[in-house]
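Each chain, letter by letter, is given below.
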Amino acid sequence: MTQPASPTRPAEPNGAASAKSRSKSRSAFPVDVRTLSLLGVLAALIVIGGITQPDSFLDGDNVQLILTQASVIGVVTVGMTFVIISGGIDLSVGAIVALASVWATTVATQEYGFVGILFTAIVVGVGCGLVNGLLVAYGNVVPFIATLAMLASGRGLALQITDGKTQMVTVDSVLKLGERDSYILGVPPLVLVFAAVTVIGWLALNRTTFGRRTVAVGGNPEAARLAGIDVRRQRLYLYLLSGLCCGIAAFLLIVLSGSGQNTNGNLYELDAIAAAIIGGTLLTGGRGSIVGSVLGVLIFITIQNIFALNNLETAVQQIAKGAIIVAAVLVQRRTAHTTS
């Protein structure tokens with residue numbers, strides 16, 4: 001008895017097959033090259049630092065200092081990366097960090113100890129993120145305008161709370177987190193928090209529905225809506241996430257400085273956006289990398305450290321940072337043209 005022929009899948013045209021293979025290679029190739037390039041830049045900076053300041057740059061204390069300084073802005077950058085991938089922007093992160101830090105270090109808040117300071121910083125951060133999210137997602141306010149308004153309001157409220165004065169922390173359990181005795185296997189607790197936020201952020205972006213929806217909203221909001229994604233609610237969640245990261249960063253900054261000031265978080269929004277950009281996150285949305293953003297943070301902090309050790313002016317540092325941002329944008333445009 002003759003066996004019935006099994007159904008066969010129609011062969012794809014050569015052009016379609018080759019296009020699919022090119023698409024697969026393009027989706028993986030630029031990410032690998034970009035990450036390796038960032039690692040190469042970071043390695044080059046380490047070599048430069050080791051040559052110019054061999055005794056101090058590679059010292060264990062200086063390495064700990066670089067990682068600790070990167071922790072605060074790094075946590076902010078993780079939240080910023082999600083927002084930019086979705087096609088948004090958050091200019092208020094520095095102001096939120098300042099507001100959360102001063103609100104958490106008031107005399108009344110410090111009476112509740114460690115938990116009170118941490119809880120207040122996170123609640124203030126999430127609250128500001130909620131306002132941003134509601135304005136952008138449901139108020140249809142352009143993200144640039146909504147977060148710019150929060151920047152101005154947050155800075156003003158922080159100044160009003162402090163009256164321009166520095167609020168010193170008196171809670172021993174908070175201050176001890178910044179001391180060497182609290183290091184775990186030689187690693188500062190702030191760095192461990194930064195590492196945990198980075199891992200959670202990477203998993204959320206690459207291994208969850210939340211991450212896929214974020215990329216979809218940034219790539220094509222209308223297509224995402226037609227696919228059943230609540231675009232407005234997703235954008236609200238993203239600004240809540242950014243606010244949460246700002247609240248965590250504010251607490252880390254309190255531990256690091258032992259105080260709350262209305263000037264805290266100055267220009268954090270520019271540093272976070274710059275780190276995300278050089279890490280490969282598109283300003284137009286739809287693509288981004290947590291690993292790339294973290295490497296971007298480490299590159300900027302390492303540059304600052306090298307300049308400080310060599311007694312170079314801050315102006316030179318800012319010029320170098322601007323040049324790096326421009327170069328990163330040009331590379332992004334070139335990559336976009338070659339992959340289109």
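Right above here is the structure, for reference.
Everything quoted here is computed from the prediction, not taken from an experiment.

(A) Here's a closer look at the overall build of the protein. A count of helices and strands for the protein gives 14 helices and two strands. Residue burial in the protein is summarised as follows: out of 340 residues, 44% are buried. Summing over all exposed atoms, the protein offers an accessible surface of approximately 17100 Å²; the carbon and sulfur share of this is 65%.

(B) Broad picture of the environment of Gly 201. Here Gly 201 shows up in helix H8 (residues 189-207). Under the relative-accessibility criterion, Gly 201 is labelled buried at 5%. Taking C-alpha positions, Gly 201 is 6.6 Å from Val 78, a pair spaced 123 residues apart along the chain. What Gly 201 contacts, discounting residues up to four positions off in sequence, is Val 78, Phe 82 and Ile 290.

(C) Fine view of the nonpolar core. Core analysis: the largest hydrophobic core is formed by 68 residues, its most contacted members being Val 75, Val 76, Val 97, Ile 117 and Val 174. Setting aside anything within four residues of it in sequence, one finds Ile 117 in contact with Ala 104, Thr 109, Gln 110, Val 169, Val 171, Val 174, Phe 251 and Ile 254.

(D) Just the side chain of Thr 147, in detail. Counting through the fold element by element, Thr 147 comes out in helix H6 (residues 143-162). Separated by 3.2 Å, the side chain of Thr 147 and the backbone nitrogen of Leu 91 make a polar contact.

(E) Spotlight on helix H5 (residues 113-138). With 26 residues, H5 ought to run about 38 Å at 1.5 Å a step, and its terminal C-alpha atoms sit 37 Å apart, in line with that. Asn 140 sits one or two positions beyond H5 and adopts a positive phi of about 55°.

(F) Focus on the packing of aromatic side chains. A complete count under the given rule lists two aromatic pairs for this structure. Where Phe 82 meets Phe 210, the ring centres are 6.1 Å apart and the plane angle is 45°; that geometry is what we call tilted. With a gap of 128 residues between them, Phe 82 in helix H2 (residues 60-85) and Phe 210 in helix H9 (residues 209-219) connect regions that are remote in the sequence. Measuring from centroid to centroid gives 5.4 Å for Phe 114 and Phe 251, while their planes differ by 80°, and the two rings are edge-to-face.

(G) Structural context of the packing of helix H3 (residues 93-104) against H5. Following both chains from N to C, one finds H3 and H5 inclined at 145°, their axes separated by 8 Å at the closest point. The element H3 and its partner H5 pack so that their crossing is right-handed. Across from Ile 96, Leu 99, Ala 100, Trp 103 and Ala 104 in H3, the residues of H5 making contact are Ile 117, Thr 120, Ala 121, Val 124, Gly 125, Cys 128 and Asn 132. The residue makeup of the contact of H3 with H5, split by class, is nine nonpolar, three polar and no charged.

The rules behind the values
Residues numbered from 1 in each chain as written. Predicted model: local features only at pLDDT ≥ 70, side-chain atom pairs only at ≥ 80, totals over all residues. Heavy atoms only, no water. Helix = DSSP H or I, 4+ residues; strand = E, 2+ residues; numbered from the N terminus. Buried < 20%, exposed > 50% of the residue type's maximum accessible area, 1.4 Å probe, protein only. Areas by Shrake-Rupley, 256 points an atom, 1.4 Å probe, with all protein chains shown as cover. Contact = heavy atoms within 4.5 Å. Core = buried A, V, L, I, M, F, W, Y, C linked by side-chain atoms within 4.5 Å. Polar contact = N/O pair within 3.5 Å; in protein donor to acceptor, adjacent residues only side chain to side chain. Expected span 1.5 Å × (residues − 1). Phe/Tyr/Trp six-rings, centres within 6.5 Å; stacked < 30°, edge-to-face > 60°. Axes fitted to C-alpha atoms, helices over the stretch in contact; angles between N-to-C directions. Left-handed = near helix turned anticlockwise from the far one by under 90°. Nonpolar A, V, L, I, M, F, W, Y, C, P; charged D, E, K, R; others polar.

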